[in-house]
Amino acid sequence: MPSELPPLYPPFRYGLVEEDLYRGAYPKPRNFRFLRRLGLRSILSLTPEPPNEDLTDFCKANNITPIFVRVDKPKEHIPLSFSKTAQILSSLIDATNLPLFVHCLDGTGVTGAIIMCLRKLQCWSLTYALVESARYHKDGVIGSEEAEFVEKFSSEVEVPQRIPKWLWAGQTNFKKHPSVKLKWPAQPIAVASKPTGPESSQSGAQVSTEELRGNDSSVISGSNTKTEELGLSNLSPQERRSRRPTDPQVQPRFQPLPVSASDTLPSYSKDDIRRDVDVFRRRVEGDDAIQSADISPVGMDDEVEEEDENLSMTLQALALEMSFPKTQKPA
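Source: prediction; values computed, not measured.

Brief notes about the nonpolar core
With 40 residues, the main nonpolar core has Leu 44, Leu 46, Leu 80, Leu 92, Leu 118 and Val 157 as its most contacted residues. With eight residues, the single largest contributor to this core is helix 4 (residues 109-121). Setting aside residues no more than four positions away along its own chain, Leu 44 makes contact with Ile 67, Val 69, Ile 88, Leu 92, Leu 100, Phe 101, Val 102 and His 103. Ranked by size, the runner-up nonpolar core spans 13 residues in total, among them Phe 34, Leu 35, Leu 40 and Phe 101.

What to know about the pairing of strand 5 (residues 100-103)
Where burial is concerned, the two faces of strand 5 agree: the one with Leu 100 and Val 102 and the one with Phe 101 and His 103 are both buried. Across four bridges, the pairing between strand 2 (residues 21-24) and strand 5 is parallel. Bridge pairing links Leu 21 to Leu 100 in strand 5. In terms of strand pairing, strand 3 (residues 42-47) meets strand 5 through four bridges, oriented parallel. When the sheet's bridge partners are listed, Ile 43 is paired in strand 5 with Phe 101.

Quick look at the sheet that holds strand 1 (residues 15-18)
The strand order across the open sheet formed by five strands is 1-2-5-3-4, and the pairing between neighbours is mixed. Bordering the open sheet on either side are strand 1 and strand 4 (65-70), each of which pairs with just one other strand. With direction set aside, neighbouring strand axes in the sheet form an average angle of 25°. Helix 2 (residues 53-61) contacts strand 3, strand 4 and strand 5 of the sheet and is inclined by roughly 165° relative to strand 3. The strands touched by helix 4 are strand 1, strand 2, strand 3 and strand 5; relative to strand 2, the strand with the most contacts, the crossing angle is about 150°.

Remarks on helix 2
Leu 55, Phe 58 and Cys 59 are the residues of helix 2 that are buried. When helix 2 is viewed along its axis, its buried side chains cluster within an angular range of 100° and face the same direction. Residues of helix 2 that are exposed and angled more than 90 degrees away from the buried face: Glu 53, Lys 60 and Ala 61. Following helix 2 by one or two positions, Asn 63 has its phi on the positive side, about 55°.

How each quantity is defined
Residues numbered from 1 in each chain as written. Predicted model: local features only at pLDDT ≥ 70, side-chain atom pairs only at ≥ 80, totals over all residues. Heavy atoms only, no water. Core = buried A, V, L, I, M, F, W, Y, C linked by side-chain atoms within 4.5 Å. Buried < 20%, exposed > 50% of the residue type's maximum accessible area, 1.4 Å probe, protein only. Helix = DSSP H or I, 4+ residues; strand = E, 2+ residues; numbered from the N terminus. Contact = heavy atoms within 4.5 Å. Pairing = 2+ DSSP bridges. Axes fitted to C-alpha atoms, helices over the stretch in contact; angles between N-to-C directions. Arc of directions from axis to C-beta.

Everything listed is a geometric property; what it means functionally is a separate question.
This is how it looks when you write it as structure tokens:
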């Protein structure tokens, strides 16, 4: 009988921030097997003292770079300065440090403030950043001091040479951040991507492209028999593609499904719309409101034009009315 593997214990208040970026509390020896499976390259410790012996040995055994930034234990105030926060953010967005696990003592106070500032750097609104951070707090509430710290944070963050693709969606063509000062590197910024193995080489990608083309590759290929039969062998690829939709012998790869009679919409006259709107108003506003409303029969040219323009809005109102119970009125 094979021996059972020990269970996996994630660190306390563990969470995924972004791809290859994780957060949590101070890791203990029982968490090391879980952290080993993350394939970490760095561990960022935001603690009063350097990493203990257990964590240091774990980093050495797994070729993980420990990064230590001294941060005091939170008491009455957040033990962070704006300049130190900017320094930590530069480490988090440096693609050469990822995958990275960032932690403090309990995984909430210091780590939560740093991640909220990271969200601000990502152009998140303060409300969404606070809601996300509240999930890691015991009471689910963010203190006013933490919210004020994140709101006022605007120190200069040094952008590294290589950034992850989740930061600004890999776009760095802007010069000014809306809420944070940025220090750009002298050289052009490179957006990091996942390393590819031998199976994803250029030749392999070309084979995959040909396989994805399927029957279409037989039309594009100049030496194919079907191409010669269609008389397209002397045309350029662009001319062949322009000829394909009009050629009756070239069938598209995917045919649209036929529309049956049951799929067609029933006829809906303007009188039906007027009647349904009348019912809708009675159910939502009450009989008194509908009696005072000016509803004249359809027939005038100006009213017909008005109904043509508001047809889609009327149908949306009917759909909204159907989504509410009969005893409930929309606000």
